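# Breakdown of the fold
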Protein chains: 2
Amino acid sequence: MVTLRQLRYLTAISETRHFGRAAKLCHVTQPALSMQIQDLEHSLDVQLVERRRGSVALTAAGAEIADRASTILTAVADLENYASRDRPALVGPLRLGIIPSIAPYLLPRALPELHRLHPDLDLRIRETQTSALVDELAHGDLDLILAALPLGRPDFETLDAFQDRFLVARQAGSGRPGDERIDPASMASEHLLLLEEGHCLRDQALSVCSSLSPGTINAFGASSLSTVMHLVANGYGITLLPEMAADIEVTDRVELVRFTEPEPVRTIGLAWRRSSTRRADAQALAHLLREVRA
Amino acid sequence: MVTLRQLRYLTAISETRHFGRAAKLCHVTQPALSMQIQDLEHSLDVQLVERRRGSVALTAAGAEIADRASTILTAVADLENYASRDRPALVGPLRLGIIPSIAPYLLPRALPELHRLHPDLDLRIRETQTSALVDELAHGDLDLILAALPLGRPDFETLDAFQDRFLVARQAGSGRPGDERIDPASMASEHLLLLEEGHCLRDQALSVCSSLSPGTINAFGASSLSTVMHLVANGYGITLLPEMAADIEVTDRVELVRFTEPEPVRTIGLAWRRSSTRRADAQALAHLLREVRA
DNA sequence: CCGTCACGATCAGTTTATCTTATCGACATG
DNA sequence: CATGTCGATAAGATAAACTGATCGTGACGG
């Protein structure tokens, strides 16, 4: 009979590729884990692990089973959390993922408030790009992510927090006086600086300026908005700046111009696994985010 | 710590609403089951079952947890089956659901052949309407269903087996000679006989004859095609007959007329849970079904 | 009003599962 | 060839789970 314990041990093997370390991960001794894996192999009648000199590897079947096991364990974890579904929101551990184009600008304002209003919240923050956050959320390594929506994941539930305008940032004094608004279509001739591949902000900026020919795009994307803005300040080009970053990234060597109506925006919101029970947390957090932004 | 055993026992309670019978279902004694349920309630810190005089009922939380438990147990069962994924197809137990407008016409031809070619197949057939089959497949009570596609379930994988033409069946001699084909739009004035609500064939017929006003539809749907055809034979109206039923349902008091091009068809195919490992079975079965139809 | 029944809870004792510690054997590496 | 790493195995301890007997409560019938 397959047990959850066996599945847990198998996923530990899958993560560590090492019996000893997997055992430590599961807080048991190595023989205990070895035996459970053997039991699992016998009850499924398939070899799951290749014990080779030097290192272990999962067989094809082992990888597939480990993958399914991981899904099942996440479902069980969500079931366990469901019990405490009507506890007050924002209490206890919460693993929150945030994309890099939000975290540095929102956290300084949100964290003090969050700590003041919800002192019992044990927040663990992870900052990385959307695709990694999505994977980790699906896998159960995160409880909630804050990113630009939509994510296109039917297994997630989402909640819009607010809209964030895109502005054009250019070197101070480089614009003709009097042109107060910029038409996205008119940006074709400018030198647009962008983040490197993988940042959703890059894709959003490109879709705002869809008329740009690929040749005018800076091939060497920067890895942080801060770097991009320093380039802008020194006249290397222009960029699209999310409004929420304006406070922090804008110096007096840079000026901001709004787009013509309808102004392009990105929708910032929260997402969680449908099977998890984080709606209350998401709603409370979204409310707080709207507050600190105002 | 939640265990699969506890989840199994809970689903048994959910199905039987009775500790004793649930225990029998799980092949344990009642105290064993009672204790596991109590353990589960303690580890989730929620009351799952209301022990009332006379009968037991699940609490709201209990119902939700039982539902999740059932999903998890299905996933585990599929994981267990995955091990034997590359065994020969159509061997061992296979629970197959078939809709009523297919089963009586295809089974007489398919079953002998199936038995001849796959003597080791232990086939259990369930015949009921699509919606029930879909629920049972999702729940893990069936392995495969044969129905009119699409089913609109992203958690299912499907395989088209063949197309089945719709024909018009009317009382013999009731048509004007020489009109060899019927235009779906021209059926507005006829008296269309249909199966009762819930049969997908009824909905398909209605969509073929979309121009029909609701008033001309027979309000008292029959519960079997056979009954409908007897009504047709006696001049009570006409009906749409799937071509595969023609052999069996058509007598010399009934005549069939084909529709004008493009002839309306239904797509018959197989569906299984994405997480299960029934593609090989489905492919083999679809192949055999195409053979016996030819 | 009391005996009986149905049903879930509880208890005691046994069986089974799982764990730990100690050790083995195979294979590297210096 | 000594040493270290790693997974398997063995023996005994501990924990989990089960059975069979029994209890307590409420329903029902005479």
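Everything quoted here is computed from the prediction, not taken from an experiment. (Residues numbered from 1 in each chain as written. Chains lettered and ligands numbered in written order. Predicted model: local features only at pLDDT ≥ 70, side-chain atom pairs only at ≥ 80, totals over all residues. Heavy atoms only, no water.)

## Side note on the overall build of chain A
Scanning chain A from terminus to terminus reveals 10 helices and 10 strands. Rg of the C-alpha trace for chain A: 24 Å, well past the compact-globule value of 19 Å for 294 residues, more than 25% over. For chain A, the spread of C-alpha atoms along the three principal axes comes to 75 × 45 × 30 Å. Of all 294 residues assigned to chain A, the portion counted as buried reaches 47%. (Helix = DSSP H or I, 4+ residues; strand = E, 2+ residues; numbered from the N terminus. Rg over C-alpha atoms; globule rule 2.2 N^0.38 Å. Buried < 20%, exposed > 50% of the residue type's maximum accessible area, 1.4 Å probe, protein only.)

## Focus on the protein's contact with DNA strand D
Residues in close proximity to DNA strand D total 18 residues, the closest being Gln-30, Ser-34 and Arg-51 of chain A together with Tyr-9 and Thr-29 of chain B. Sugar plus phosphate: this is where 75% of the atoms of DNA strand D within 4 Å of the protein reside. For DNA strand D, a phosphate oxygen lies 3.3 Å from a polar atom in the side chain of His-18 of chain A. Phe-19 of chain A is positioned with one of its backbone polar atoms (N or O) 3.2 Å from a phosphate oxygen of DNA strand D. Counting residues per element, the ones that place at least two in the surface near DNA strand D are helix 2 (19-25) and helix 3 (30-44) of chain A together with helix 1 (4-16) and helix 3 (30-44) of chain B. A breakdown of the residues in the surface near DNA strand D according to their chemical character gives 8 nonpolar, 7 polar and 3 charged. (Near = heavy atom within 4 Å. Polar contact = N/O pair within 3.5 Å; in protein donor to acceptor, adjacent residues only side chain to side chain. Nonpolar A, V, L, I, M, F, W, Y, C, P; charged D, E, K, R; others polar.)

## Remarks on the relation of the copies chain A and chain B
For the pair chain A and chain B, the relating rotation is 180°, the translation along its axis is 0.0 Å, and the fit reaches an RMSD of 0.2 Å. A rotation of that kind, with that shift, is consistent with a two-fold axis. Interface overlap between copies: 100% of the residues of chain A at the interface are likewise at the interface in chain B, consistent with a symmetric, same-surface contact. (Least-squares fit on C-alpha atoms with pLDDT ≥ 70 in both. Contact = heavy atoms within 4.5 Å.)

## Overview of unusual backbone geometry
Residue and element names in this part refer to chain A. Cis rather than trans, the peptide bond between Leu-149 and Pro-150 has omega equal to -5°. Tracing the sequence through the fold places Pro-150 in the loop between strand 5 (144-149) and strand 6 (156-171). Positive phi outside glycine occurs at Arg-17, with the angle close to 55°. Within the secondary structure, Arg-17 is located in the loop between helix 1 (4-16) and helix 2. The backbone of His-27 shows a phi angle near 60°, a positive value even though the residue is not glycine. For His-27, a relative accessible area of 73% corresponds to the exposed category.

## Considerations on the packing of helix 1 of chain A against helix 4 (residues 60-82) of chain A
Each pair of packed helices can be summarised by the angle the axes make with each other and by the distance between the axes. Residues and elements named next belong to chain A. It is at 9 Å that the axes of helix 1 and helix 4 come closest, and there the two elements cross at 120°. Classified by the angle their axes make, helix 1 and helix 4 are oblique. Our pair here, helix 1 against helix 4, has a crossing hand that is left-handed. Contacts between helix 1 and helix 4 involve Leu-4, Leu-7, Arg-8, Leu-10, Thr-11 and Ser-14 from the former and Gly-62, Ile-65, Ala-66, Ala-69, Ser-70, Ile-72, Leu-73 and Val-76 from the latter. Per-class residue counts for the contact of helix 1 with helix 4 are 9 nonpolar, 4 polar and 1 charged. (Axes fitted to C-alpha atoms, helices over the stretch in contact; angles between N-to-C directions. Parallel < 35°, antiparallel > 145°, perpendicular 65-115°, else oblique. Left-handed = near helix turned anticlockwise from the far one by under 90°.)

## Examining the domain arrangement of chain A
Residues and elements named next belong to chain A. As assigned here, chain A comprises domain 1 (4-82), domain 2 (92-162 + 267-293) and domain 3 (163-266). If you average the C-alpha positions of domain 1 and of domain 2, the two centres end up 30 Å apart. Domain 1 puts 6 residues into the contact, and the matching count from domain 2 is 7 residues. Our count for the contact surface shared by domain 1 and domain 2 stands at 1 salt bridge. In this structure, Arg-273 engages Asp-78 in a salt bridge whose closest nitrogen and oxygen atoms are separated by 2.9 Å. For the side of domain 1 that touches domain 2, the element with the most residues is helix 4, which contributes 5 residues. (Domains from an automatic or database assignment. Salt bridge = Lys/Arg side-chain N within 4 Å of Asp/Glu carboxyl O.)

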